[in-house]
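Residue-level listing of the chains:
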Amino acid sequence: MTTRRCALQSLWIGTRPFLVAALMLVHCLGDAITYPARGQAQNQAPPKAKDAPSAKPQVRVLREVKLPRPVAEMREAIEAAIASGRIEDLREAFELNEIKPDLGPGFAPGVGADPVAFWRRQSGDGEGRELLAALANILALPPAAVPLGRDVENSLVYVWPYLAEVPVAAWTPAMQVEALRLVPVAELRRIQAAGTYTHWRLVIGAEGNWLSLTRK
């Protein structure tokens, strides 16, 4: 496996509207690129020395890296609904989870709660096809592997698109091109101005559980 060339990226500090001189080093690990987690990149105090080994979460962008089988299977279940063009088919992937995915504000899982009706309301076309198209676009990009908790090896979640987990200020021109595959240029400018990713975000746990599909 060849080593990819590392790139230097600029960081924002807090909400200041100018680019600071400090630069972030992006570490290259084979086919996975590692970034600081979003909280680490935005004016967060450095951890104390005794906490350093467990207090520096990293986000790995998985390019050309094989997903764990359970994650890949859930992704395939979602992609099957996308391929059908019928939002009703996404219910099958939704129902595979004992604890139902978080669909964001406005949806409360429980008796009588209908995710398909909710997705239709969220789609501009009223049929859910806009949502399926958005899912197709975010799944076409690499995911980020994000650690939760102290046991990094066994607590990863996989987030599509990876852009949702990389600090916006660290996006390279190539990343901005990938963002434009998801949103129009006007929305990209709003994201850059706010410093926060606001498009669709899909999360699947390492055990294959579909955890959430939300949009800020």
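Our structure's up above, just so we're on the same page.
Caption draft 1: View of the overall build of the protein. What the protein contains, in helices and strands, is six helices and nine strands. Taken over 216 residues, the protein has a buried fraction of 41%. For the protein, restricting intrachain contacts to residue pairs at least 6 apart in sequence, the fraction spanning at least 24 positions comes to 54%.

Caption draft 2: Spatial organisation of empty space enclosed by the protein. For the coordinates displayed, the defined rule picks out one cavity of 30 Å³ or more. By volume, the largest cavity amounts to about 30 Å³. Leu163, Trp171, Ala179, Leu182, Val183, Leu188, Ile191, Tyr197 and His199 are the residues that line the largest cavity.

Caption draft 3: The arrangement of the side chain of Thr214 in detail. Tracing the backbone shows Thr214 in strand β9 (residues 210-215). Ignoring anything within four residues of it in the chain, the contact list for Thr214 reads Asp102, Leu103, Gly104, His199, Trp200 and Arg201.

Caption draft 4: Molecular detail of the side chain of Glu178. Here Glu178 is to be found in helix α5 (residues 173-179). Setting aside its immediate chain neighbours within four residues, Glu178 contacts Arg63, Leu141, Pro142, Tyr162 and Leu163.

Caption draft 5: Geometry of the packing of aromatic side chains. As enumerated under the stated definition, the model contains five aromatic pairs in all. Consider the rings of Phe107 and Phe118, whose centres lie 5.3 Å apart with planes at 45°: the pair is tilted. Pair noted here: Phe107 is in the loop between α2 (90-95) and α3 (115-122) and Phe118 is in helix α3, with a separation of 11 residues, a long-range link. Given the relative accessible area of 5%, Phe118 is considered buried. Centroid distance Trp119 to Trp210: 6.1 Å. Interplanar angle 10°. Geometry classified as stacked. Here Trp119, found in helix α3, pairs with Trp210, found in strand β9; they are 91 residues apart in sequence, far enough to count as distant. According to the relative accessible area criterion, Trp210 is buried, its value standing at 1%.

Caption draft 6: Molecular detail of the pattern of salt bridges. In the structure shown here, the tally under the stated rule is nine salt bridges. Ionic pairing is found between Arg63 and Glu178, a salt bridge with its closest N-O pair at 2.9 Å. Highlighted residues: Arg63 in the loop between β5 (58-62) and α1 (69-84) and Glu178 in helix α5, separated in sequence by 115 residues. Each member of the salt-bridge network shares a partner with another, and the members are Glu88, Arg120 and Glu127.

Conventions used here
- Residues numbered from 1 in each chain as written.
- Predicted model: local features only at pLDDT ≥ 70, side-chain atom pairs only at ≥ 80, totals over all residues.
- Heavy atoms only, no water.
- Helix = DSSP H or I, 4+ residues; strand = E, 2+ residues; numbered from the N terminus.
- Buried < 20%, exposed > 50% of the residue type's maximum accessible area, 1.4 Å probe, protein only.
- Contact = heavy atoms within 4.5 Å.
- 1 Å grid on protein atoms, 1.4 Å probe; cavity = no way out; pocket = protein on both sides within 12 Å on 5 of 7 lines; lining within 4 Å.
- Points joined across faces, edges and corners; volume = space filled by probe spheres on them.
- Phe/Tyr/Trp six-rings, centres within 6.5 Å; stacked < 30°, edge-to-face > 60°.
- Salt bridge = Lys/Arg side-chain N within 4 Å of Asp/Glu carboxyl O.

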